[in-house]
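Each chain, written out:
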Amino acid sequence: MSQRISLTRYLVEQQRVDGHIPSQLRLLIEVVARACKGISQAVNKGALGGVLGSAGSENVQGEMQKKLDIIANEVLVEANEWGGHLAGMASEEMDGIYVVPNRYPQGEYLLLFDPLDGSSNIDVNVTIGTIFSVLKKPEGPGVSEQDFLQPGNRQVAAGYCLYGPQTTLVLTVGDGVAMFTLDREQGSFVLVQEHMRIPEDTREFAINMSNMRHWAAPVVRYVQECLAGQDGPRGKDFNMRWIASMVADVHRILTRGGIFLYPWDKREPDKPGKLRLMYEANPMGWLVEQAGGAATNGKQRILDVQPAKLHERVSVILGSRNEVERVTGYHPTV
Ligand code: AHG
Ligand code: MN
Ligand code: MN
């Protein structure tokens, strides 16, 4: 790219194209990006910043919280609460919704996030990230949890920031997927790729194979067919990757294709899956669709799932379109 385009300029230009992003939404995305820069700094300092290790507490989902889970959550809340662009926030690390305090003006958007995705990788210096989703608050006074319970097809912006060898922000506002890399000297995100595309076919799958004995039959069938390679029904060899940070696995898929599965399994049969619908599957599902891929729970499009609660879980199959359609087709239709 001959001319450097900053995130700010990209958003201004998106705003000009049929007034596509209102100014409040532009501000919101800029504030989220700024917060991610702060999180990136903390991640980079690691042990020197005293940010590694457990916080000694549990979140509402019964998971042990790492110090960085809490730090990242605080950075996002503090950055976003005063700007006047938001009515409320919801996070993996907060039990209920966070209503913008009434000392600040109330905006018309709702921000949902997984402040730190891939927590088990923090202490081993492996790529982690922040995932976010933006919804419009329905008309009416006040903010309630009900206002957040909208299907993913109502998102107005979604993205993630990856803290890896580079810090990279990937974003959609419904006009394709754009990728920005943080230039630390300049302190700004710079556009490095517009209109990311996921190839429709792939030879690479991502799933936690250690759970194979717990999966349902359609997922076992799909993976066994991949493992059979050249001599099996697929007639080609497959490669496997599993980073255990959804954000990093999805980034690889957006970059070079692949399929990612975190399916329902028998360990906790009453839970639809491990990953959370509203701040993991929905934003990632929309990004993947915007890049030409597909995202389902085995039965329906993830973005059409009507959430019943904030921390709802969902089975996730996403990535290269033809592979996602194949696994989804292996599931019974009733
Ligand atoms: P989080 O760190 O936000 O709780 O999410 C971790 C998720 C996801 O990022 C990843 O794909 C998955 O957990 C890994 O799970 P396993 O350890 O079961 O493989
Ligand atoms: Mn997560
Ligand atoms: Mn998390």
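Residues numbered from 1 in each chain as written. Chains lettered and ligands numbered in written order. Predicted model: local features only at pLDDT ≥ 70, side-chain atom pairs only at ≥ 80, totals over all residues. Heavy atoms only, no water.

Caption draft 1: Expanded view of the overall build of the chain. For the chain, the count of helices and strands is eight helices and 17 strands. Since a compact globule built from 334 residues should have a radius of gyration of about 20 Å, the 19 Å found for the chain is in line with a globular shape. Reported as C-alpha extents along the three principal axes, the dimensions of the chain are approximately 60 × 50 × 45 Å. Within the chain, the proportion of its 334 residues that are buried is 56%. (Helix = DSSP H or I, 4+ residues; strand = E, 2+ residues; numbered from the N terminus. Rg over C-alpha atoms; globule rule 2.2 N^0.38 Å. Buried < 20%, exposed > 50% of the residue type's maximum accessible area, 1.4 Å probe, protein only.)

Caption draft 2: Spotlight on the site of ligand 1. Near ligand 1 you find 17 residues, and of these Asp117, Ser119, Asn208, Met246 and Tyr262 are the closest. At a separation of 2.7 Å, an oxygen atom of ligand 1 approaches a polar backbone atom of methionine 246. The side chain of lysine 274 places a nitrogen or oxygen atom 2.9 Å from an oxygen atom of ligand 1. Here ligand 1, which alone exposes 470 Å², has 86% of that area covered by the protein. Among the secondary structure elements, those contributing two or more residues to the shell around ligand 1 are strand S5 (109–117), strand S13 (259–262) and strand S14 (275–276). Here the element with the most residues in the shell around ligand 1 is S5; it accounts for three residues. Each of domain 1 (7–193) and domain 2 (204–330) accounts for three or more of the residues forming the shell around ligand 1. (Near = heavy atom within 4 Å. Polar contact = N/O pair within 3.5 Å; in protein donor to acceptor, adjacent residues only side chain to side chain. Areas by Shrake-Rupley, 256 points an atom, 1.4 Å probe, with all protein chains shown as cover. Domains from an automatic or database assignment.)

Caption draft 3: Geometry of the coordination of the manganese ion (ligand 2). All of the protein donors around the manganese ion (ligand 2) are Asp114 (OD), Asp117 (OD) and Glu280 (OE); their distances to the metal are 1.8 to 2.1 Å. Mapped onto the sequence, the residues coordinating the manganese ion (ligand 2) show the spacing D-x2-D-x162-E. Between the two metal centres, the manganese ion (ligand 2) and the manganese ion (ligand 3), the spacing is 3.7 Å, with aspartate 114 acting as a shared donor. Residue aspartate 114 is classed as buried on the basis of its relative accessible area, which comes to 0%. (Donors = N, O, S within 2.8 Å, 3.2 Å for Na, K, Ca; no water.)

Caption draft 4: Structural detail: the coordination of the manganese ion (ligand 3). At 2.2 to 2.6 Å from the manganese ion (ligand 3) lie its protein donor atoms, namely Glu92 (OE), Asp114 (OD) and Leu116 (O). Summarised as a motif, the one-chain spacing of the donors to the manganese ion (ligand 3) is E-x21-D-x1-L.

Caption draft 5: Spotlight on the domain arrangement of the chain. In terms of domain boundaries, the chain breaks down into domain 1 (7–193) and domain 2 (204–330). Contacts between domain 1 and domain 2 engage 50 residues on the former and 31 residues on the latter. For the pair domain 1 and domain 2, the two sides together bury roughly 2,900 Å², of which 63% comes from carbon and sulfur. Looking at the side of domain 1 facing domain 2, the largest losses of area belong to Gln61, Leu149 and Tyr160, adding up to 19% of the total buried there. One salt bridge in this structure joins arginine 276 and glutamate 63, with 3.1 Å as the shortest N-O distance. (Contact = heavy atoms within 4.5 Å. Buried area = accessible area lost by both parts, 1.4 Å probe. Salt bridge = Lys/Arg side-chain N within 4 Å of Asp/Glu carboxyl O.)

Caption draft 6: Representation of the sheet that holds strand S8 (residues 167–172). Strands sit in the order S4-S3-S5-S6-S7-S8-S9-S10 across an open sheet of eight strands; the sheet is mixed. Taken across any chain shown, the strands that pair with only one partner, and hence form the sheet edges, are strand S4 (98–99) and strand S10 (188–193). As paired elements, strand S9 (residues 177–183) and S10 share five bridges and run antiparallel to each other. Bridge pairing in S10 places methionine 179 opposite glutamine 193. Contacting strand S3 (86–91), S4, S5 and strand S6 (128–136), helix H3 (residues 67–80) crosses the sheet at an angle of about 155 degrees to S5. (Pairing = 2+ DSSP bridges. Axes fitted to C-alpha atoms, helices over the stretch in contact; angles between N-to-C directions.)

Caption draft 7: Geometry of the packing of aromatic side chains. In this structure the tally under the stated criterion is four aromatic pairs. Ring centres of tyrosine 10 and phenylalanine 180 lie 5.1 Å apart, and the angle between their planes is 75 degrees; this geometry places the pair in the edge-to-face category. Of this pair, tyrosine 10 sits in helix H1 (residues 7–16) while phenylalanine 180 sits in strand S9; the two residues are 170 residues apart in sequence, bridging distant segments of the chain. Taken as a pair, tyrosine 10 and phenylalanine 180 share a single burial class, namely buried. For the pair tryptophan 242 and phenylalanine 260, a centre-to-centre distance of 5.4 Å together with 20 degrees between the ring planes defines the contact as stacked. Taken together, the residues tryptophan 242 in the loop between strand S12 (239–240) and helix H6 (246–256) and phenylalanine 260 in strand S13 connect sequence positions 18 residues apart. By relative accessible area, which is 1% here, phenylalanine 260 ends up buried. Chaining the aromatic ring pairs together yields one cluster made of Trp242, Phe260 and Tyr262. Looking at arginine 221, its charged tip hangs above the ring of tyrosine 330, at a distance of 3.6 Å from the centre. (Phe/Tyr/Trp six-rings, centres within 6.5 Å; stacked < 30°, edge-to-face > 60°. Lys NZ or Arg CZ within 6 Å of the ring centre and 35° of its normal.)

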